[in-house]
Amino acid sequence: MTKYILKRIGYMILTLFIVASVTFFMMKLMPGTPFSNQDKLSAAQLKIMNEQYGLNKPIWQQYLIYLGNLLHGDFGTSFQFNNQPVLSLIMTRLKPSMLIGAQAMIIGSLLGILLGAVAAINKNNWIDSLATFVSIVGISVPSFVLGVLLQFFIAFKWHILPIALWNGWQSSILPSLALAVSPLAQTARFMRTEMVDVLNSDYIELSKAKGNTRWQTVVKHTLRNSLIPVITILGPLTANILTGSLVVENIFSIPGIGEQFVKSIMTNDYPTIMGLTIFYSLMFMVMLLITDILYSIIDPRIRLTNNKEGN
Amino acid sequence: MKFKRMLVASASALVSLGVLAGCSSSKSAQGPKNTVRIMRKDVIATMDSSLNTDIIGTQALSDTMDGLYRYQGKTVKPAIATKVVKPTNNGLTYTFPLRKNAKWSNGDPVTANDFVYAWQRTVNPKTKSQYAYIYEGIANAKEITDNKKPVDSLGVKALDKHTLQVTLDKPIPYFNQLMTSSTFFPQDQKVVEKWGKKYGTNSKTLVFNGPYKLQKWNGPDNTWNEVKNKDYWNAKDVKVKKLQYQVVKDASTALNLYQSNKLDDVILTGDTAKQMKGSKGFNVKKMNSTFYLEMNQEKDPIFKNQKIRQALAKSIDRTQLANKILGDGSSASLSTTPSNMSYDPNNKSKDFVSDTKQSAKTAEYNTKEAQKLWKTGLTETGQTGKKFNLTLLSDDTDAAKKQSEFLQSQLEKLPGIKVTLNNVPFKSRLSRSISGDFDLVVTAWNADFPDPSNFLTLFTNGASNNNGHWNNSDYDNLVNKSLSTDANDPTIRWKDMTQAQDILNKQQGVIPLYQVGEAHLTNNKVKNLDYGPSGTYNMVSLRIHK
């Protein structure tokens, strides 16, 4: 296992290097410059600015300098926020996005698993139909629409939770719920399909024959074996949600990371674009790795190393 | 997909109904006492007055710092300077006596040296101030930003601790207005040097000499608080103890927060603004910003014909564009220079636009006249019967797309015109405008300082923003005179500028569309929210009705 994880970390570093390189060169193709008043800047000012940000050098040199700085953990300073280090910018904005993202994933996946399981156990009756309806609605209604509805009814009309703004944990509940709907729906769908298959397996019949109750069979055999496809989708879903949802953040006025990314692109804030792209990629790869490790924990038949190493 | 769309549409309709229903059930509960809670559309990018470029930062700086002057209503009033100074030496020298009781929040006195230091720091090319160009006209400023002269050669010096003298290269007729700008605020050298690059990146790195002090602000924060500065020289006039700013991006969230009494002043946009128009607390702030259409004369020589330009101008129903298509508080405009910005020096109730309204009638919407002018223009240019396929370049925001579609429908009323829309991101629009890759482009200009010359110079021959390349020697002559030979005579200068605007209006060198307006809902407890000609509020005047 350790060897496998080390190998995967090696691949992650390689992938990050490729992502950083491709992003760097694509970013340079974007129209305009990071200086909003370029036509008002004197030639001397432009020269100093280009020198200080290294923009006067050939692109390949800028690329090597950037990679060199990256190795030292230096992501540079933002153009749009004068002299703010990109790393501290990401860290400041990350906390709210991570909080609502993590809560959304926990609520969404747990409820989704439960909903899918209940639907499968009650296959083809009204409970199943209801669960399917909830899944379809969950997939069809975008999180921002749900966000607006939650905000209006729960916060504005009934005064149960804050409408928006970021004032303590209470402020994170509604955006988390809005974001949870997608993982809930997707997990429920996958869980139901897989569990229906598992429930038809021979070993389930065997478990019943051994005198296990329905509840014991479901908990001991069915649930665990149905989780593999669910875990497959949870990895990328978590990465997407943890990195924040621009629209939901905007609706609830959350100082998150999603908006920062869009803004950095609009303003040609090169260091921030690079920092956030690398961060997103890293997040995505870490989630895929966790997914793979979870596979082997849930189903010991899945081995992360080849047979020779495994034996 | 259809199902999804239906769900989205139903949900949106439900929300809209709910929002409207909510209007009648708004809460009248009191907010925190002696605090005004204000919405902002974005965060503060920097609190370094040398580096700030946007209105959010300008407002925060105006709340917490004080310069030589401050706007009170439409009038320039003394702030750190003890009086509004009249220039000597043919308009080339300004000598400002400064208040002796002004001090920074760390106890340091505010001295003439703080101005000298801040100004020299701003024009120093190493500071990379994107607004250093505003200093042009102050002796040697241009040469310093061009790195041709040393920083200490700037025409500003401290005659003593409390006397500041500024020398100009040429008279700047709007110099006193300029002195209200945050770009000219003083800085405490000791503090700036202590924090270096970190100065202005969070509240710990700052000291304040204005009515309020910024608290617990940490760079890209969505919320910031300002508390009354007891050390402010005019603290007795500051009656509101705390200002609480909150970034809200979504207009319906802003409305919900306002109606739940969580915010006292919010900005509405799009449909939300349209819905709330006419309701209690609704008001519109006219911004010093206009949108206009430029016609590329170099690419399409047909635009060199005056009647063709007038025909295009007359074919656009601006009232419909502003009220129905945008509906965000913007107002139809027949002038590229904004209204409510600058006033006749001999009659303060008369604004620049009302003084030039006669010539602006050239652009008034009239389809019949437009078609007649179009026909004559085509005959004059020998293009009768020809088809024109024109590309309309604009931004890619939702509002810009709607606007482009509307303009397309209006312009295509003229026979033979087909308009193709090209909506691109802001940076692309800018680079394509500069390179001349367009037939028609929707452009906006936001005033750097509240003087008509800031707009009029845009369309002089060879100006970097004159992307349509319209030119007129009489116009150039009048604009130049207003900034040189007539600069010291406000009456003649005003006449120069109104005459120049008349030429631009009559010739439709560019086609004005609308003046940007910001729709607000303001709680009736908030009084004297004093919005000045430079686009910021003077919070010294702010009061709470109890």
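Being a predicted model, the structure only gives us computed values, none of them experimental.

Report on the overall build of chain B, specifying residues and quantitative values.
Along the backbone of chain B there are 18 helices and 22 strands. Seen along its three principal axes, the alpha-carbon backbone of chain B occupies a region of about 75 × 60 × 40 Å. In chain B, of all internal contacts separated by at least 6 residues, the share reaching a separation of at least 24 is 70%. Surface summary for chain B: the accessible area is close to 22,400 Å², and the carbon and sulfur share equals 49%. In chain B, 76 positive and 51 negative side-chain charges are present, and the distance between their average locations comes to 6 Å.

Kindly report on the overall build of chain A, identifying the contributing residues and their values.
When helices and strands are tallied, chain A shows 13 helices and 0 strands. For chain A, the spread of C-alpha atoms along the principal axes amounts to about 85 × 65 × 30 Å. Across the 311 residues of chain A, 51% fall into the buried class. Here the analysis covers contacts within chain A between residues at least 6 apart in sequence; of these, 75% occur between residues at least 24 apart. On chain A, roughly 15,000 Å² of surface is accessible, and the fraction owed to carbon and sulfur atoms is 68%. Taking the average place of the 22 positive charges on the side chains of chain A and the average place of its 14 negative ones, the gap between the two points comes to 4 Å.

Could you give an account of the UniProt feature "transmembrane region" (unreviewed entry) in chain A, with specific residues and numbers?
The UniProt record marks residues 9-27, 98-121, 133-156, 168-185, 227-252 and 272-298 of chain A with the feature "transmembrane region" (unreviewed entry), using the residue numbering of this structure. Along residues 168-185 of chain A the backbone is 89% helical and 0% strand, and the end-to-end C-alpha distance reaches 28 Å.

Which residues make up the UniProt feature "domain: Solute-binding protein family" (unreviewed entry) in chain B, and what are the values?
Those residues carrying the UniProt feature "domain: Solute-binding protein family" (unreviewed entry) are residues 75-466 of chain B in this numbering. A helix fraction of 29% and a strand fraction of 22% characterise residues 75-466 of chain B, whose end C-alpha atoms lie 31 Å from each other.

Can you tell me about unusual backbone geometry, naming the residues and giving the values?
A positive phi angle is found at His159 of chain A, which is not glycine, with a value near 55°. Position of His159 of chain A relative to the elements: it lies in the loop between helix H6 (143-157) and helix H7 (170-199). A positive phi is found at Lys216 of chain B, a non-glycine position, where the angle reads about 50°. Along the polypeptide, Lys216 of chain B turns up in the loop between strand S7 (212-215) and strand S8 (223-228). Classification of Lys216 of chain B by relative accessible area gives exposed; the value is 77%.

Account for a nonpolar patch on the surface, naming residues and giving values.
Residues and elements named next belong to chain A. The grouping of Tyr11, Leu14, Phe17, Ile18, Val22 and Met26 at the surface amounts to a nonpolar patch, some 600 Å² of accessible area in total. Structurally, the position occupied by Val22 is in helix H1 (residues 2-28). By relative accessible area, which is 42% here, Val22 ends up partly exposed.

Give a detailed account of the domain arrangement of chain B, specifying residues and quantitative values.
Residues and elements named next belong to chain B. Along its sequence, chain B is organised into domain 1 (34-247 + 523-544) and domain 2 (288-517). Using C-alpha coordinates to define each centre, domain 1 is positioned 33 Å away from domain 2. The partner domain 2 presents 13 residues to the 15 residues of domain 1 that form the contact. Both sides of the domain 1 and domain 2 interface together cover about 1,100 Å² of buried area, and 58% of this is carbon and sulfur. Looking only at domain 1, the three residues that lose the most surface to domain 2 are Pro173, Tyr174 and Pro533, adding up to 42% of its buried area. Taken together, domain 1 and domain 2 are joined by 0 salt bridges. At the boundary of domain 1 and domain 2, one finds 4 residue pairs in polar contact (both at pLDDT 80 or more). Here the residues of the side of domain 1 that touches domain 2 sort into 9 nonpolar, 5 polar and 1 charged.

Got a sec to walk through the interface of chain A and chain B? Specific residues and values, please.
In this assembly, 52 residues from chain A lie in contact with 54 residues from chain B. Between chain A and chain B the total buried area reaches about 4,500 Å² when both faces are included, carbon and sulfur atoms providing 60% of it. Counting across the interface, chain A meets chain B through 2 salt bridges. In this structure, Lys249 of chain B and Glu259 of chain A form a salt bridge, with 2.5 Å as the shortest nitrogen-oxygen distance. At the boundary of chain A with chain B, the tally comes to 10 residue pairs in polar contact (both at pLDDT 80 or more). The leading source of residues in the side of chain A that touches chain B is H6 of chain A, at 8 residues. Here the residues of the side of chain A that touches chain B are counted per class, giving 27 nonpolar, 19 polar and 6 charged.

I'd love a proper account of the side chain of Asn176 of chain B, names of residues and values included.
Residue and element names in this part refer to chain B. Mapping Asn176 onto the fold places it in helix H5 (residues 175-178). Exposure remark for Asn176: the relative accessible area of 17% places this residue in the buried category. Among the polar contacts listed, one links the side chain of Asn176 to the backbone oxygen of Val85, at a separation of 3.2 Å. Setting aside anything within four residues of it in sequence, one finds Asn176 in contact with Tyr69, Val76, Val84, Val85 and Tyr94.

An account of the sheet that holds strand S5 (residues 156-160) of chain B is requested, with residue identities and associated values reported.
Residue and element names in this part refer to chain B. Spatially, the 3 strands line up as an open sheet ordered S4-S6-S5, and their pairing is antiparallel. Among the strands making up the open sheet, the edge pair consists of strand S4 (93-97) and S5. If you compare each strand with its neighbour and ignore which way they point, the axes differ by 20° on average.

Tell me about the confidence of the model for chain B, and name the residues and values.
Of all residues in chain B, 95% attain a pLDDT of 70 or more, and the chain-wide mean is 91. Under a pLDDT of 50 for its full length, residues 1-28 of chain B has, in the predicted model, 28 contacts with residues more than four places off or in other chains.

Just give me the short version of the pattern of salt bridges, but keep the residues and values in it.
Counting across every chain of the model gives 21 salt bridges over all chains. In this structure, the salt-bridge partner of Asp271 of chain B is Lys274 of chain B, at a minimum N-O distance of 3.9 Å. One end of the pair, Asp271 of chain B, and the other, Lys274 of chain B, are both in helix H8 (residues 270-276), 3 residues apart, so they sit about a helical turn from each other. The network of salt bridges with shared partners includes Arg93, Glu259 and Lys263 of chain A together with Asp42 and Lys249 of chain B.

Outline the pairing of strand S6 (residues 163-167) of chain B, supporting the account with residue identities and numerical values.
Side-chain direction in a regular strand flips from residue to residue, so the side chains alternate between the two faces of the sheet. Residue and element names in this part refer to chain B. Within S6, 4 of the 5 residues are buried, which leaves the element mostly enclosed by the surrounding structure. Sheet topology places S4 next to S6; 5 bridges connect them, and they run antiparallel. Each bridged residue has a counterpart across the sheet, and for Thr95 the counterpart in S6 is Gln165. Where S5 and S6 come together, 4 bridges link them in antiparallel fashion. Paired with Val156 across the strands is Val166, a residue of S6. Connecting S5 to the antiparallel partner S6 that follows it, the hairpin turn spans 2 residues.

If you had to explain the environment of Gly57 of chain B to someone new, which residues and values would you point to?
Structurally, Gly57 of chain B can be placed in helix H2 (residues 55-64). Separated by 12 residues in sequence, Gly57 of chain B and Ala45 of chain B have C-alpha atoms that sit 6.5 Å apart.

Can you break down a positive patch on the surface residue by residue, with the values?
All names here are of chain B. Taken together, the side chains of Lys33, Lys230, Lys241 and Lys546 present a region of like positive charge at the surface. Along the chain, the position of Lys230 falls in the loop between S8 and strand S9 (242-247). Given the relative accessible area of 74%, Lys230 is considered exposed.

Pulling in residues and values, what's your account of the pairing of strand S2 (residues 69-72) of chain B?
All names here are of chain B. As paired elements, S2 and strand S3 (residues 75-78) share 4 bridges and run antiparallel to each other. Bridge pairing links Tyr71 to Val76 in S3. Between S2 and S3, which pair antiparallel one after the other, the connecting turn spans 2 residues, and Gly73 there sits at a positive phi close to 60°.

Basis of the calculations
Residues numbered from 1 in each chain as written. Chains lettered and ligands numbered in written order. Predicted model: local features only at pLDDT ≥ 70, side-chain atom pairs only at ≥ 80, totals over all residues. Heavy atoms only, no water. Helix = DSSP H or I, 4+ residues; strand = E, 2+ residues; numbered from the N terminus. Contact = heavy atoms within 4.5 Å. Areas by Shrake-Rupley, 256 points an atom, 1.4 Å probe, with all protein chains shown as cover. Lys, Arg positive; Asp, Glu negative; His and termini not counted. Charge placed at Lys NZ, Arg CZ, Asp CG, Glu CD. Buried < 20%, exposed > 50% of the residue type's maximum accessible area, 1.4 Å probe, protein only. UniProt positions renumbered as here; feature names shortened; annotations may be inferred. Patch = residues over 30% accessible without salt bridge, like charges linked within 9 Å, V, L, I, M, F, W, Y side chains within 5 Å. Salt bridge = Lys/Arg side-chain N within 4 Å of Asp/Glu carboxyl O. Domains from an automatic or database assignment. Buried area = accessible area lost by both parts, 1.4 Å probe. Polar contact = N/O pair within 3.5 Å; in protein donor to acceptor, adjacent residues only side chain to side chain. Nonpolar A, V, L, I, M, F, W, Y, C, P; charged D, E, K, R; others polar. Pairing = 2+ DSSP bridges. Axes fitted to C-alpha atoms, helices over the stretch in contact; angles between N-to-C directions. pLDDT = per-residue confidence, 0-100.

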